[in-house]
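Here is how the chains run, residue by residue.
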Amino acid sequence: MFKLNGTVFMPSVLTLVGIPGLESVQAWIGIPFGAMYIVALFGNSLILVIIKSEHSLHEPMYLFLAMLGATDIALSTCILPKMLGIFWFHLPKIHFDACLLQMWLIHTFQSIESGILLAMALDRYVAICDPLRHATIFTHQLLTQIGVGVTLRGALLVAPCLILIKCRLKYYWTTVVSHSYCEHMAIVKLAAEDTRINKIYGLFVAFSVLGFDIIFITVSYIQIFITVFSLPQKEARLKAFNTCIAHICVFLEFYLLAFFSFFTHRFGFHIPPYIHILLSNLYLLVPPLLNPIVYGVKTKQIRDRASKIFHSKDAS
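All values derive from a computational prediction rather than experimental measurement.

## Notes on the overall build of the protein chain
When helices and strands are counted, the protein chain shows 10 helices and six strands. Taken over C-alpha atoms, the radius of gyration comes to 21 Å for the protein chain, in line with the 20 Å a tight globule of 316 residues would show. Counting only C-alpha atoms, the protein chain reaches 75 × 50 × 35 Å along its principal axes. Counting the 316 residues in the protein chain, one finds 49% classified as buried.

Written out as structure tokens, the structure reads:
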């Protein structure tokens, strides 16, 4: 790494600031973030154990939930250990290639999570709107194909972002990243070269993944609501609607945070930098925290199984 005309040529190491403007209180901010990480790990691991051990839960809805839990564990683990290292142990340095790997993993897992939420919406759509065909459509083979498909979609769509940075951008104004993790735009903004292609492709990935998924999820739930409200019996309407409440809560929580983070980062020029970073952190940390809580509270089978586990420990 050497400097040329005030720029840095192909830096080998980057420095993550953490939360710009809040450096003096980052150690305190790390406490709730660390607590959120521990709760997310415990909650999602518990969901995975319950679904694996309870044969009656080996159904599409719960298997998709297991995929979501595994993705949440992976996503939060990509971010929190390094972030807490910055906040608590003053370890801001990260190798450039490691930073690109973290960026690729984070955005890939975000895409996978969005794809799983779409699959869960389609599962509820078929279960409520065409229940007689649900078992024949959502087979274990289809679930495997969906899991592989959403993983490949995320990995392959995000990979060019990494390649475009590595191959196109050689000169950087600085090696200091004003972020608490390696985010695509945070790295691109460091470059002292033309970054239009990088920005355009980043927008393409964001809208092709989130835009595509949110359209089909919305259409699925509109059809579900039409079907539910056309049921003649009130009890049947309530039962059908109750199976969707947890999905709707998770869907709103994930996409509302996603859009707030996305638009403030790109268009909120008058918003303080620490607000951008806090929103980005919450977008990645809150869903893994809330998803097991929402499903644990709203899904009777999981709630009952969890209570059995804890009661059996108390009895022993």
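Having put the structure on the table, let's press on.
## Here's the deal with the nonpolar core
Counting 89 residues, the largest nonpolar core has Phe-33, Ile-79 and Ile-165 as its most contacted members. For Phe-33, the residues in contact, after removing those within four places along its chain, are Leu-80, Met-83, Leu-84, Phe-87, Leu-278, Asn-281 and Leu-285.

## Topic: the environment of Leu-284
Along the chain, Leu-284 falls in helix 9 (residues 273-298). Note: C-alpha distance between Leu-284 and Cys-244 (40 residues apart in sequence) is 23 Å. The contacts of Leu-284, once residues within four sequence positions are left out, are Leu-75, Ile-79, Ile-106, Gln-110 and Tyr-181.

## A few points about the pattern of salt bridges
On inspection of all chains with the given rule, the structure shows six salt bridges. Measuring nitrogen to oxygen at the nearest pair gives 3.5 Å for the salt bridge that ties Asp-130 to Arg-133.

## So, the packing of helix 1 (residues 26-53) against helix 9
In the contact formed by helix 1 and helix 9, the axes pass within 7 Å of each other and the chain directions differ by 35°. Note that helix 1 runs across helix 9; the crossing there is left-handed. Residues Phe-33, Met-36, Val-39, Ala-40, Gly-43, Asn-44 and Ile-47 of helix 1 lie in contact with helix 9, whose contacting residues are Leu-278, Asn-281, Leu-282, Leu-285, Val-286, Pro-288, Leu-289 and Pro-292. Of the residues in the contact of helix 1 with helix 9, the class split is 12 nonpolar, three polar and no charged.

## Details of the sheet that holds strand 4 (residues 93-95)
By way of backbone hydrogen bonds, the strands of a sheet pair with one another, either parallel or antiparallel. On the basis of which strands lie adjacent, the open sheet formed by three strands has the order 4-3-6 and mixed pairing. Each edge of the open sheet carries a strand with a single partner, namely strand 4 and strand 6 (176-177). The pairing of strand 3 (residues 13-16) with strand 4 spans three bridges and is antiparallel. Bridge assignment links Leu-14 to a residue of strand 4, and that residue is Ile-94.

## Notes on the packing of helix 3 (residues 96-129) against helix 9
Axis separation between helix 3 and helix 9 bottoms out at 12 Å; the angle between their running directions is 35°. Considering only the axes of helix 3 and helix 9, their crossing is left-handed. Every residue of helix 9 that contacts helix 3 at Ile-106, Gln-110, Glu-113 and Met-120 is listed here: Tyr-283, Leu-284, Pro-287, Asn-291 and Tyr-295. Looking at the contact of helix 3 with helix 9 residue by residue, the class counts come to six nonpolar, two polar and one charged.

## Topic: the pairing of strand 3
With two bridges connecting them, strand 3 and strand 6 associate as parallel partners. Within strand 6, the position partnered with Thr-15 by the bridge is Val-176.

## Side note on the state of the cysteines
Evaluation of the coordinates by the stated rule reveals one disulfide. A disulfide-free cysteine, Cys-78 has its sulfur positioned 11 Å from the sulfur of Cys-182, the nearest such atom. Relative accessible area serves as the criterion here: at 17%, Cys-78 is assigned to the buried category.

## Looking at the side chain of His-107
With respect to the element layout, His-107 can be found in helix 3. Polar side-chain contacts of His-107 include one of 2.7 Å to the side chain of Gln-110. Residue contacts for His-107: discarding those within four places in its chain leaves Val-158, Glu-183 and His-184.

## Observations concerning the UniProt feature "transmembrane region" (unreviewed entry) in the protein chain
As annotated by UniProt and renumbered to match this structure, "transmembrane region" (unreviewed entry) occupies residues 27-51, 63-89, 101-122, 142-165, 200-228, 240-262 and 274-297. Overall, residues 27-51 shows 100% helix and 0% strand. The separation of its end C-alpha atoms is 36 Å. A distance of 33 Å separates the end C-alpha atoms of residues 240-262, which is 100% helix and 0% strand.

## Quick look at empty space enclosed by the protein
For the coordinates displayed, the defined rule picks out three cavities of 30 Å³ or more. Lining the second largest cavity are Ala-206, Phe-207, Leu-210, Phe-259 and Phe-262. Among the secondary structure elements, those contributing two or more residues to the lining of the second largest cavity are helix 7 (196-229) and helix 8 (234-267). Top contributing element to the lining of the second largest cavity by residue count: helix 7, with three residues.

## Side note on the layout of surface pockets
One number sums up the size of the largest pocket: a volume of about 390 Å³. Met-61, Tyr-62, Thr-243, Thr-299 and Gln-301 are, among the 20 residues lining the largest pocket, the residues nearest its centre. Only helix 2 (60-89), helix 3, helix 8, helix 9 and helix 10 (300-315) provide two or more residues apiece to the lining of the largest pocket. In terms of residue count, helix 8 provides more of the lining of the largest pocket than any other element does, five residues in total. The class makeup of the residues in the lining of the largest pocket is eight nonpolar, six polar and six charged.

Each value, and the rule that gives it
- Residues numbered from 1 in each chain as written.
- Predicted model: local features only at pLDDT ≥ 70, side-chain atom pairs only at ≥ 80, totals over all residues.
- Heavy atoms only, no water.
- Helix = DSSP H or I, 4+ residues; strand = E, 2+ residues; numbered from the N terminus.
- Rg over C-alpha atoms; globule rule 2.2 N^0.38 Å.
- Buried < 20%, exposed > 50% of the residue type's maximum accessible area, 1.4 Å probe, protein only.
- Core = buried A, V, L, I, M, F, W, Y, C linked by side-chain atoms within 4.5 Å.
- Contact = heavy atoms within 4.5 Å.
- Salt bridge = Lys/Arg side-chain N within 4 Å of Asp/Glu carboxyl O.
- Axes fitted to C-alpha atoms, helices over the stretch in contact; angles between N-to-C directions.
- Left-handed = near helix turned anticlockwise from the far one by under 90°.
- Nonpolar A, V, L, I, M, F, W, Y, C, P; charged D, E, K, R; others polar.
- Pairing = 2+ DSSP bridges.
- Disulfide = S-S within 2.5 Å.
- Polar contact = N/O pair within 3.5 Å; in protein donor to acceptor, adjacent residues only side chain to side chain.
- UniProt positions renumbered as here; feature names shortened; annotations may be inferred.
- 1 Å grid on protein atoms, 1.4 Å probe; cavity = no way out; pocket = protein on both sides within 12 Å on 5 of 7 lines; lining within 4 Å.
- Points joined across faces, edges and corners; volume = space filled by probe spheres on them.

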